[in-house]
Amino acid sequence: MSPPDAPHPAAGHAHAHGHGPAAPVSRHLRKVIAAVLIPFAAAVAVGLIVLWPGGAPPHKPSGVGFDQPTEQARIIKVEEVDCAAVHAAQQPQPTAPGGQPPAGGAAPGTPCEQVTVKVTTGENAGRTFQTVVTPDALRHYTTGQDVVVSYSPKAPKDLQYAVTDVDRTVPMWMLAAIFAGAVVIVGRLRGVLALVALAASFGVLTLFILPAILQGSDPLVVAVIGGSAIMLIALYMCHGLTARTSVAVLGTLASLLLIGLLGTVFINWALLTGNTDDTTGLVHGLYPNIEIRGLLLAGIIIGSLGVLDDVTVTQTAAVWELKEADPTAGWRKLYGAAMRIGRDHIASVVNTLVMAYAGASLPLLLLFSIAQSSVGTVATSEVVAEEIVRTLVGSIGLVASVPVTTLLAALVVAADRPVPGGAGRAPAAGGRGGRRAAHGRRRKR
């Protein structure tokens, strides 16, 4: 952080929103901010040490769903066969109501594909097996294609392997490389730091949050500690160890506490269990010690964290830039001007968050539409109510982060620069007025 009396650049210096160097603050304010954040960071570090899981707990694979071991394999042969010859033809059935054709199997006379698959990894590498693909299947295979197969060691030998998915390693890594390249080209050094922070955040998620929850630790406590660690790493690494970043950290922390409080109240009040899909049920079956309701609340906190960082950093940067533009502005004027920026940000961010959750739940909403259920019935059913609570609690935290962070930033910069001209550019670069103002500040401190 720059010293309080560091000279400002000449009047020709250009200011970039959110990316220019933050105006320095006094040593007194740095001490006040540090007095709040250092104990908080120390508590997060202690929490990481105490709850560090040391890896996911071992368990005996059930062989069901996602708990099945998987191996890599390759399609070595695809040939067309008669569906009846491989027992995949549709059996004669009475016509369904409404004149619809019966479901199940391929229609008589249509060709099927018999696919030969070779396992390439694991203890049975080199073994081949065959599977049949009917004409109405959503996925068809080609010779040489890499796939993922599940392994059920307790099944009969001919049924131990089954194709579960295709291998997407190459396109996914290519997309990741394009993303990283775009971030570095546009963001330069700050983009590189953002990627490092992203890797660190992913490390906290996979090495601490997920294993700690599987070990039986309280999901809410784990999410708060892990989310706080991600917040500190991401914000300080991307935006520097400055007072401006510290104010954004305080605003984010206050909003996370509000989200945790509201989430706890409404999850309990609405009697949400968090066990609304097969994946959650499978996790709970494999690890009965996991508190599923706490897992729901932890997901709300972590899901809101990324958008909160964006809002708080933007609002803090806006206040700092407004003070640079008008060094005589008091905290009320700064707060009002920055809130006008924040209201536009609120409108776009809340809509983005709601649409993101709606898009993720689109198949579920389609099922309710097909069932012709009333809006009230759909909204109050647990599976939809869970998404509504998740969306609205996160949105309330986002909305609250704007005035809270803006007020903190306005109070900090206004309290730090009471002398006119002290926060902005010097009255005249190198002139007598600038030297007198700097001399006066040194005498006052």
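Below is a short write-up of the structure. (Residues numbered from 1 in each chain as written. Predicted model: local features only at pLDDT ≥ 70, side-chain atom pairs only at ≥ 80, totals over all residues. Heavy atoms only, no water.)

1. Points about the overall build of the protein chain
Stated formally: In this text, helices come from DSSP runs of H or I with a minimum length of four residues, and strands from runs of E with a minimum of two, each type numbered from the N-terminal end. Buried means the residue's accessible area, taken with a 1.4 Å probe over protein chains only, is under 20% of the maximum for its type, while exposed means over 50%, and partly exposed covers the values in between. Contacts are assigned to residue pairs that have any heavy atoms within 4.5 Å of one another. For accessible areas, the Shrake-Rupley method is used with a probe of radius 1.4 Å. Any residue's cover is judged against the shown protein chains and nothing else.
In terms of helices and strands, the protein chain carries eleven helices and five strands. Taken over 445 residues, the protein chain has a buried fraction of 38%. Taking the intrachain contacts of the protein chain between residues at least 6 apart in sequence as the baseline, contacts between residues at least 24 apart amount to 71%. Surface exposure of the protein chain reaches about 24,400 Å², of which carbon and sulfur atoms provide 65%.

2. Regarding the packing of helix 1 (residues 27–51) against helix 3 (residues 219–239)
Operational definition: Only the stretch in contact is used when fitting a helix axis, every axis being a line fitted to C-alpha atoms; angles between N-to-C directions are given from 0 to 180 degrees. These descriptions rest on fixed angle ranges, namely under 35 degrees for roughly parallel, over 145 for roughly antiparallel, 65 to 115 for roughly perpendicular, and the rest for oblique. Definitions for this section: a left-handed crossing has its near helix turned counterclockwise from the far helix by less than a right angle. A right-handed crossing has that turn clockwise. Under the convention adopted here, Pro, Cys and the residues Ala, Val, Leu, Ile, Met, Phe, Trp and Tyr are nonpolar, Asp, Glu, Lys and Arg are charged, and Gly plus all remaining residues are polar.
Two elements in contact, helix 1 and helix 3, have axes whose closest approach is 10 Å; the angle formed by their N-to-C orientations is 125 degrees. With respect to helix 3, the element helix 1 is oriented oblique. Of the two elements, helix 1 crosses helix 3, and the hand of that crossing is left-handed. Contacts from L37, F40, A41, V44, G47, L48 and L51 of helix 1 reach helix 3 at V221, V222, I225, S228, A229, M231, L232 and Y236. Classifying every residue of the contact of helix 1 with helix 3 by side-chain character gives 13 nonpolar, two polar and no charged.

3. Details of the packing of helix 1 against helix 4 (residues 243–269)
Contact pair helix 1 / helix 4: the axes reach a minimum separation of 11 Å and the direction vectors enclose 55 degrees. Looking at the two axes, helix 1 sits oblique to helix 4. As helix 1 runs across helix 4, the sense of the crossing is left-handed. Residues I33, V36, L37 and F40 of helix 1 form the contact with helix 4, whose participating residues are A243, S246, V249, L250 and L253. Looking at side-chain class alone, the contact of helix 1 with helix 4 contains eight nonpolar, one polar and no charged residues.

4. Concerning the sheet that holds strand 5 (residues 161–166)
Spelled out, the test is: The pairing criterion is simple: DSSP has to find at least two bridges between the two strands.
Spatially, five strands are ordered 3-2-1-4-5 in an open sheet, and the strand pairing comes out antiparallel. With one partner strand each, in any of the chains shown, strand 3 (128–133) and strand 5 form the two edges of the open sheet. Mean inter-strand twist for the sheet, computed between neighbouring axes without regard to direction, equals 45 degrees. Sheet topology places strand 1 (residues 70–82) next to strand 4 (residues 146–151); five bridges connect them, and they run antiparallel. In the strand pairing of strand 4, Q72 is matched with V148.

5. Topic: the pairing of strand 4
Summarising burial for strand 4: five of the six residues are buried, a large majority. Across five bridges, the pairing between strand 4 and strand 5 is antiparallel. Pairing of V147 across the sheet is with V166, part of strand 5.

6. Description of the pattern of salt bridges
Which entries qualify depends on this criterion: A side-chain nitrogen of Lys or Arg and a carboxyl oxygen of Asp or Glu constitute a salt bridge if their distance falls within 4 Å.
If you walk through the whole model with that rule in mind, you get six salt bridges. Here R74 ties to D146 by a salt bridge, and the two come within 2.7 Å at their closest N and O atoms. Taken as a pair, R74 in strand 1 and D146 in strand 4 lie far apart in primary sequence, 72 residues in all. According to the relative accessible area criterion, R74 is partly exposed, its value standing at 40%.

7. Looking at the nonpolar core
For the record, the criterion: As used in this record, nonpolar core signifies buried Ala, Val, Leu, Ile, Met, Phe, Trp, Tyr and Cys residues forming a set joined through side-chain atoms within 4.5 Å.
In terms of nonpolar packing, the biggest core is built from 56 residues, with L37, F40, I209, M231, V249, I267 and W320 touching the most fellow members. Breaking this core down by element, the ones donating at least two residues are helix 1, helix 2 (169–214), helix 3, helix 4, helix 6 (292–325), helix 7 (331–360) and helix 10 (382–416). It is helix 6 that contributes the most residues to this core, eleven residues altogether. Contact partners of I209, with chain neighbours within four places excluded, come to V204, V222, G226, G227, I230 and I302. Grouped together as the second largest cluster of nonpolar side chains are 14 residues, A73, I75, V117 and V166 included.

8. Points about the layout of surface pockets
Just so we agree on the cut-off: Using only the protein atoms, space was sampled on a 1 Å grid; points where a 1.4 Å probe fits but cannot get out form cavities, open sets with protein on both sides within 12 Å along at least five of seven lines form pockets, and lining residues are those with an atom within 4 Å of a point. Grid points are joined across faces, edges and corners, and a volume is the space filled by probe spheres set on the points.
Considering only enclosed or pocket space, the second largest pocket measures out at about 410 Å³ in volume. If you list the elements that add at least two residues to the lining of the second largest pocket, you get helix 2, helix 5 (278–286), helix 6 and helix 10. Per-element tally for the lining of the second largest pocket: the top contributor is helix 6, with six residues. The residue inventory of the lining of the second largest pocket, partitioned by class, reads twelve nonpolar, five polar and three charged.

9. With respect to the packing of aromatic side chains
For clarity, the threshold we go by: Stacked, tilted and edge-to-face are the three classes applied to pairs of Phe, Tyr and Trp rings, where Trp contributes its six-membered ring and a pair requires centres within 6.5 Å; stacked means planes under 30 degrees apart, edge-to-face means over 60, and tilted covers the rest.
What the rule picks out here adds up to four aromatic pairs. When the centroid spacing of 6.0 Å and the interplanar angle of 20 degrees are considered together, the rings of F129 and Y161 count as stacked. Residue F129 is located in strand 3, and its partner Y161 is located in strand 5; the two are separated by 32 residues in the primary sequence. Both residues of the pair, F129 and Y161, belong to the buried class. A ring pair is formed by Y151 and Y161, whose centres lie 4.8 Å apart and whose planes are at 25 degrees; its orientation type is stacked. Linking Y151 in strand 4 with Y161 in strand 5, this pair joins segments that are ten residues apart in sequence.

10. Here we look at the environment of Y236
Along the polypeptide, Y236 turns up in helix 3. Along the chain, Y236 and V249 lie 13 residues apart, while their C-alpha atoms are 8.7 Å from each other. Here Y236 is in contact with L37, L241, T242, T245, S246 and V249, once residues within four sequence places are set aside.

11. So, unusual backbone geometry
Positive phi, close to 55 degrees, is recorded for R188, a residue that is not glycine. You can see R188 is positioned in helix 2.

12. Some points on helix 4
As a reminder, the rule being used: Between the first and last residue of a helix there are one fewer steps than residues, each counted as 1.5 Å, and that sum is the expected span.
For helix 4, with 27 residues, the first-to-last C-alpha span of 39 Å sits near the 39 Å given by 1.5 Å per residue. Downstream of helix 4 by one or two residues, L271 has phi in the positive range, about 55 degrees.

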